[in-house]
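Remarks on the overall topology
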Amino acid sequence: MAAISFTNVSKRYEGGHDALVGVDFSLQSGEMAFLTGHSGAGKSTLLKLIMLMERPSRGQVMVGDQDLAQLQRNMIPWHRRRIGVVFQNHQLLFDRTVFDNVALPLQISGYDPVDAARRVRAALSKVGLLEKEQQNPISLSSGEQQRIGIARAIVHKPQLLLADEPTGNLDPALSEDVMHLFEQFNRVGTTVLIASHDLSLINRMGHRTITLSGGRLVSGG
Amino acid sequence: MDKSNRPDQGQNIPRGAVAHRVKFGDKLRSWSNHHLEVSVQSLQRMLLTPVATLMTLAVLAIALALPGFMLTALQNIQQLGSGWDTDPRIALYINDSASDERVEQFSLELMLHDGLRSVELIERARALQDFSEYSGFGDILSFFDSNPLPAVVLVLPVDQSEQGLLTLQAELAALPEVDEAVVDMLWIQRLQAYINLAERFSWVLAGLLGLTVLLVVGNTIRMTLESRRDEIIVAKLVGATDAWVRRPFLYSGFWYGLLGALLAWVLVQGALWLMADNVNQLAQLYMSGFSVQGLGVKGSLLLLLTGLLLGVSGGWMVTGRHLREIEPT
């Protein structure tokens, strides 16, 4: 069963820029893959289509057994709750503690606060930041902030974990740590798709690599 | 995910929605907790900027208090007017030369007049008696050799419009028996007309100021909304519904409306209290039982509900439009 499948997907933005052209690929449930290509190759657009931050101009995107074209706007929140996303720019909120940042998805989904606290601590301990839960993320390093973002993405145990350039601002050693963290989640069954242009790191990791160029899929489909 | 051929646990098997389904009871509890939490947080957020909040509340309070005060004042004036019998009557002062029999005859003739509902004759003797009894100047009468008071016929016209009254007055004044025809209570009718006009004006004003409240609350919330843009985007990315994102802003509207209305209530009651002493003193001079009435339970509730409704609507108006625009990109 495919966790994600793209069938002849194209995305043309207003103004005529083709971000994706006829992309076909599928990612099996429990698989881990890298999505690579130069900047502007369409990696972010591909992730946005999965997140329903954008709609395709043509073709079909399936996540699990759900055809995304059939999801109305008001169903998007429930779709996103099944997915965990790690952003390059972290998207953390600096008006609250590390704990509250990680707890946000659980709070939104309506978890019992006691249960939520337990899950937040489990996620923070997995990324090694349990002792910093009461700090403001602004006081932490870039690597630590990225790990908070990862904790937030996995705190609700999503079926699918997406990451957009998760190592973009990190030094090589930290980058490798972060990638290994993703491998750990994949080992317990989470489907993982990571957009990255760090080719040497990707090669060392040795997972399936999907390469985009100018919006077209050139290898790994 | 294909759930049929997938064991519940295993190393490389995805653990999907089954593992983290949220119970309905938890959801409900969390939903009500979130309401409580968000309402408190919205209030706290307002208190973080006390000066700005107070200024906004002052604007809201004045906008709500002004029509509230005007309508209450009008109600008081109306209460003042209702103390009198407001049916306008015409008093016909009969010529001294007419004999008592002629006067009697004259009043009977008037009863046949189509334009009159009732006719009451006050003979000279009774007028004299009434005067000495009620005026307190009875002693003066002893200076006169004969009864100085004319007979009076009080008539109640059918047509009570001002124009009708004046026409009838002219007609009756022209009768040879009548010295003078005086329209009584016409001024009360005029007062009533002025009150109606003022009331209409107050409602128009209330409408405009209500719109002001709506816009002030809306604009204030729009600014907080802009300042919390990042938070909204992140919340939407991790699966927040529109209702969830909108909730804190609706509560802000709720608080602005409630606190603005409470402040307006204090302003109205304060203004009436300041005026009450003077008005009551004036009423006492006229031996009237009139006393200044405040907003009362009904008026207070109306003011509060209006404030709440406008506050929440203001929040609703702005969030409905702007939250759709704030989407993660």
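Reading the values: rules and limits
- Residues numbered from 1 in each chain as written.
- Chains lettered and ligands numbered in written order.
- Predicted model: local features only at pLDDT ≥ 70, side-chain atom pairs only at ≥ 80, totals over all residues.
- Heavy atoms only, no water.
- Helix = DSSP H or I, 4+ residues; strand = E, 2+ residues; numbered from the N terminus.
- Rg over C-alpha atoms; globule rule 2.2 N^0.38 Å.
- Buried < 20%, exposed > 50% of the residue type's maximum accessible area, 1.4 Å probe, protein only.
- Contact = heavy atoms within 4.5 Å.
- Domains from an automatic or database assignment.
- Salt bridge = Lys/Arg side-chain N within 4 Å of Asp/Glu carboxyl O.
- Pairing = 2+ DSSP bridges.
- Phe/Tyr/Trp six-rings, centres within 6.5 Å; stacked < 30°, edge-to-face > 60°.
- Lys NZ or Arg CZ within 6 Å of the ring centre and 35° of its normal.
- Core = buried A, V, L, I, M, F, W, Y, C linked by side-chain atoms within 4.5 Å.
- Axes fitted to C-alpha atoms, helices over the stretch in contact; angles between N-to-C directions.
- Parallel < 35°, antiparallel > 145°, perpendicular 65-115°, else oblique.
- Left-handed = near helix turned anticlockwise from the far one by under 90°.
- Nonpolar A, V, L, I, M, F, W, Y, C, P; charged D, E, K, R; others polar.
- Buried area = accessible area lost by both parts, 1.4 Å probe.
- Polar contact = N/O pair within 3.5 Å; in protein donor to acceptor, adjacent residues only side chain to side chain.

1. Digging into the overall build of chain A
- Along its length, chain A carries seven helices and 10 strands.
- Relative to the globule expectation of 17 Å for 221 residues, the C-alpha radius of gyration of chain A, 17 Å, shows essentially globular dimensions.
- Summarising its shape, the C-alpha atoms of chain A cover approximately 45 × 40 × 35 Å along the three principal directions.
- Relative to its full complement of 221 residues, chain A shows a buried share of 57%.
- Partitioning the intrachain contacts of chain A with sequence separation of at least 6 by distance along the chain shows that 70% fall at a separation of at least 24.

2. So, the domain arrangement of chain B
- Domain annotation of chain B identifies domain 1 (31-83 + 190-325) and domain 2 (90-184).
- Domain 1 of chain B and domain 2 of chain B are separated by 54 Å when their C-alpha centres are compared.

3. Describing the pattern of salt bridges
Residue and element names in this part refer to chain A.
- By the definition in use, this model includes 18 salt bridges over all chains.
- Where glutamate 54 meets lysine 11, a salt bridge forms, and the shortest distance between an N and an O atom there is 3.6 Å. You can see glutamate 54 sitting in the loop between helix H1 (43-51) and strand S4 (58-63) and its partner lysine 11 sitting in strand S1 (residues 2-12), a full 43 residues away along the chain. Of the two residues examined, glutamate 54 and lysine 11, each falls in the buried class.
- For arginine 12, the salt bridge identified is with aspartate 18, shortest N-O distance 2.9 Å.
- Its relative accessible area of 31% is what places aspartate 18 among the partly exposed residues.

4. Some remarks on the pairing of S1(A)
Residues and elements named next belong to chain A.
- For S1, the tally of buried residues reaches eight of 11 residues, placing the bulk of the element in the interior.
- Alignment of S1 against strand S2 (residues 18-28), held across seven bridges, turns out to be antiparallel. Within S2, the residue paired with phenylalanine 6 across the bridge is phenylalanine 25.
- Two successive antiparallel strands, S1 and S2, enclose a turn made up of five residues, where glycine 15 displays a positive phi of approximately 100 degrees.

5. Things to note about the packing of aromatic side chains
- One pass over the structure, following the stated rule, counts three aromatic pairs over all chains.
- Pairing Phe6(A) with Phe25(A) gives two aromatic rings, centres 5.0 Å apart and planes at 25 degrees, and the pair type is stacked. Of this pair, Phe6(A) sits in strand S1 while Phe25(A) sits in strand S2, and the two are 19 residues apart along the sequence.
- Its relative accessible area of 2% is what places Phe6(A) among the buried residues.
- Summarising the aromatic geometry, the rings of Phe254(B) and Trp255(B) are spaced 5.1 Å apart at their centres and angled 80 degrees between planes, so their arrangement reads as edge-to-face.
- A relative accessible area of 16% means that Trp255(B) is categorised as buried.
- One aromatic cluster in this structure is built from Tyr251(B), Phe254(B) and Trp255(B).
- It is Arg81(A) that lies over the ring of Trp78(A); its NZ or CZ is 4.9 Å from the centre.

6. Let's talk about the nonpolar core
- In terms of nonpolar packing, the biggest core is built from 71 residues, with Ile4(A), Phe6(A), Leu46(A), Ile50(A), Leu162(A) and Leu193(A) touching the most fellow members.
- For this core, the leading source of residues is helix H8 (residues 242-285) of chain B, giving 10 residues.
- For Phe6(A), the residues in contact, after removing those within four places along its chain, are Val23(A), Asp24(A), Phe25(A), Leu46(A), Leu49(A), Ile50(A), Gln60(A) and Val61(A).

7. Notes on the packing of H8(B) against helix H9 (residues 296-325) of chain B
Residues and elements named next belong to chain B.
- Two numbers describe how H8 lies on H9: the axes approach to 7 Å, and their chain directions differ by 150 degrees. Considering their axes alone, H8 and H9 lie roughly antiparallel with respect to each other. Pair H8 / H9 crosses with right-handed handedness.
- Partitioned by chemical class, the residues of the contact of H8 with H9 number 15 nonpolar, eight polar and two charged.

8. With respect to the sheet that holds strand S5 (residues 66-67) of chain A
Residue and element names in this part refer to chain A.
- In space, the four strands of this open sheet follow the order S2-S1-S4-S5, with antiparallel pairing throughout. The open sheet has two free edges, formed respectively by S2 and S5, since each of these has just one partner strand.
- Pairing analysis gives five bridges linking S1 to S4, with the strands arranged antiparallel. Note that in S4 the partner of isoleucine 4 across the bridge is valine 63.

9. Structural notes on the interface of chain A and chain B
- Contact with chain A, which involves 37 residues of that partner, is made by 37 residues of chain B.
- Taking both partners together, chain A and chain B bury about 3,200 Å²; carbon and sulfur atoms supply 54% of that area.
- On the surface where chain A and chain B come into contact, there are three salt bridges.
- The salt bridge partner of Asp242(B) is Arg73(A), with a shortest N-O separation of 2.6 Å.
- At the boundary of chain A with chain B, the tally comes to six residue pairs in polar contact (both at pLDDT 80 or more).
- Secondary-structure elements contributing two or more residues to the side of chain A that touches chain B are H1, helix H2 (76-81), helix H3 (98-109), helix H4 (113-126) and helix H6 (172-187) of chain A.
- The leading source of residues in the side of chain A that touches chain B is H3(A), at five residues.
- Taken together, the residues of the side of chain A that touches chain B break down into 14 nonpolar, 11 polar and 12 charged.

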